[in-house]
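# Observations on chain architecture
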Amino acid sequence: MVEAVLIDLFSPPANLQNNLQDLLCNMLGTIDECSSITAPLVYVMCSQTEQGEKNDEQEFLTALKDFQALKKSLEVVRALSTAAALYTIKQRLDEKDLSTIKIILPAFRKDLMKVYIAQLFTAVYQFEFEDLQMTSDCNNLLIADLQPEGQVLSTWDMELIISEIQLYLQSLPNLKGELTILRSSLIPDSIFLHGFTTRTGGISYIPTLSSCNLFSSSQRRDPQAVVKENLRRLAKAAGFNPETFHRVKTDHGNAVCIVGKTEPDNYDGIVTNLKGITIAAPGADCIPVLFADPVRKVCGAAHSGWKGTLLGVSMATVNAMVSEYGCNVKDILVVLGPSVGPCCYKLPQESAKEFHRIDPKCVRLPDSENPYIDLRRATRILLETGGILPENIQDDSITDQNQNITFCTACHPEKFYSHFRDGANFGTQIGFISIKD
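Residues numbered from 1 in each chain as written. Predicted model: local features only at pLDDT ≥ 70, side-chain atom pairs only at ≥ 80, totals over all residues. Heavy atoms only, no water.

A separate point is the overall build of the protein chain. Helix and strand counts for the protein chain stand at 11 helices and 18 strands. Put simply, the protein chain has 437 residues, and 53% of those count as buried. For the protein chain, the exposed surface amounts to about 19600 Å²; the carbon and sulfur share of it is 50%. (Helix = DSSP H or I, 4+ residues; strand = E, 2+ residues; numbered from the N terminus. Buried < 20%, exposed > 50% of the residue type's maximum accessible area, 1.4 Å probe, protein only. Areas by Shrake-Rupley, 256 points an atom, 1.4 Å probe, with all protein chains shown as cover.)

So, in structure tokens, the structure goes:
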């Protein structure tokens, strides 16, 4: 079932430009009469020039007064660019949790619109396309707009659209305050650039993703273009190049990628000795773990959820640093970033037993149906067992709270994202590190 209709009048065919009101009236009449389209909301997307006068806009809006009799909700969105108009409409759809949209547009705009949609939406949304038409005959909804079908877009055309989208997103203000980066005093900043992000300072607007979400998924509503803009803002604030940024491809396992070698399809650990390469691991309850060897000048990052913790992803990352770059395990520094704490995190008893085997203190209320689990303690024990010096590990056991960066993500909704707390449409923060030039 179609939940909303978008009528694209941003660049109408030249032969229709003088009759936009009549065209719109016919179009809305068709939508209202044809039972095959069930759409509680109608959005009309129009161009607005920078020199546009207020009275011109008012005349246009006044011309729509006859449409108030429609039972459907109607909103006209005027903007300087297609990207701005479409992104505004996306916000309206997300406010109402709508995802099935019919787009009525000139045929020559269809291929262009598909590029905009691919950049600004995810697989959560479903789109249908209809050709712009001038009739209210329900039996003949699809009528050509007297313009030729759009040709296959050139690479140049696609680059122009992507550039337009990027420039628009760059113009948007930060949400939830300025961008904040947490840093560990354990990692020497004379050699490494590193940090853990919080949720502030980006442009993601959906409540559970707002505002500096750094991961896009086909199951969530934040598109890659928005995540890329959030990353650009982070890179500018932190001082790294977003074009040489590598984030692990999480699989909740223990595979490790060596930068410069064949990249696995999925991996939760990554290591490098190359300068200027920024590597990162996500976390939204799972632990983003950073590794630094100031002697050999090698760094690593790992994503450690409960499965990855049990599979030993942190020590797998350490072992990769040792085997690939000759690091001494006693020189490696390890910092555990913001993650869900034992105060909040529960697992079914069967999974909890695995953590109990690591150390009984990793499990609270072990006889309950869903015991509380201490992922951080389990990670520390596995690291120490593998040879990492206790004093070279920073986690929530630190006594000086001014130095603490291993906050519980579930306990601090104003600072961090949390899958455990926010549900399926959750945002993601990261831990990142690179070797300075």
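Here we take up the packing of aromatic side chains. In total, this model carries eight aromatic pairs according to the counting rule given. Judged by centre distance (5.3 Å) and plane angle (50°), the ring pair of Phe240 and Phe432 falls under tilted. Residue Phe240 is found in the loop between helix H6 (224–238) and strand S8 (245–247), and its partner Phe432 is found in strand S18 (residues 429–435); the two are separated by 192 residues along the sequence. Note on accessibility: Phe240 and Phe432 belong to one class, buried. On the numbers, 6.3 Å between centres and 70° between planes, the contact of Tyr345 with Phe420 is edge-to-face. Of this pair, Tyr345 sits in the loop between strand S14 (333–336) and helix H9 (349–358) while Phe420 sits in helix H11 (residues 419–422), and the two are 75 residues apart along the sequence. The exposure class assigned to Tyr345 is buried, which follows from its relative accessible area of 12%. By the ring-pair criterion, three or more aromatic residues cluster together here, those being Tyr87, Tyr168 and Tyr205. Lys90 extends its terminal NZ or CZ atom over the ring of Phe121, reaching a point 6.0 Å from the ring centre. (Phe/Tyr/Trp six-rings, centres within 6.5 Å; stacked < 30°, edge-to-face > 60°. Lys NZ or Arg CZ within 6 Å of the ring centre and 35° of its normal.)

Taken together, the five strands give an open sheet; going across it, the order is S6-S7-S18-S11-S8, and neighbouring strands pair in mixed fashion. At either end of the open sheet lies a strand with only one pairing partner, and these are strand S6 (181–182) and S8. In this structure, strand S7 (residues 192–197) lies alongside S18, joined through five bridges in antiparallel fashion. For Leu193, the partnering residue across the bridge sits in S18 and is Ser434. (Pairing = 2+ DSSP bridges.)

On to the confidence of the model for the protein chain, then. Of all residues in the protein chain, 84% have pLDDT values of 70 or greater, and the mean over the chain is 89. In the predicted structure, residues 135–150 sits below a pLDDT of 50 and forms 37 contacts with residues beyond four places in sequence or in another chain. (pLDDT = per-residue confidence, 0-100. Contact = heavy atoms within 4.5 Å.)

Before going further, it helps to examine the layout of surface pockets. When its volume is computed, the largest pocket comes out at roughly 480 Å³. What lines the largest pocket is a set of 21 residues, and nearest its centre among them are His252, Cys286, His303, His419 and Phe426. Of all elements in the fold, only strand S11 (278–283), helix H7 (306–311) and H11 reach the threshold of two or more residues within the lining of the largest pocket. Considered class by class, the residues forming the lining of the largest pocket number 10 nonpolar, seven polar and four charged. If you add up the space inside the second largest pocket, you get close to 350 Å³. (1 Å grid on protein atoms, 1.4 Å probe; cavity = no way out; pocket = protein on both sides within 12 Å on 5 of 7 lines; lining within 4 Å. Points joined across faces, edges and corners; volume = space filled by probe spheres on them. Nonpolar A, V, L, I, M, F, W, Y, C, P; charged D, E, K, R; others polar.)

For helix H3 (residues 82–95), with 14 residues, the first-to-last C-alpha span of 20 Å sits near the 20 Å given by 1.5 Å per residue. Extensive coverage of H3 is indicated by the burial of 11 of its 14 residues. Of the residues one or two after H3, Asp97 is the one with positive phi, at around 60°. (Expected span 1.5 Å × (residues − 1).)

Let us now look at empty space enclosed by the protein. This structure, assessed with the given rule, holds one cavity of 30 Å³ or more. Of the volumes computed, that of the largest cavity is approximately 50 Å³. Around the largest cavity, the lining residues are Ser304, Gly308, Thr309, Gly312, Val313, Ser314, Met315, Thr379, Leu382 and Leu383. For the lining of the largest cavity, the secondary-structure elements that each account for two or more residues are H7, helix H8 (313–325) and helix H10 (375–385).

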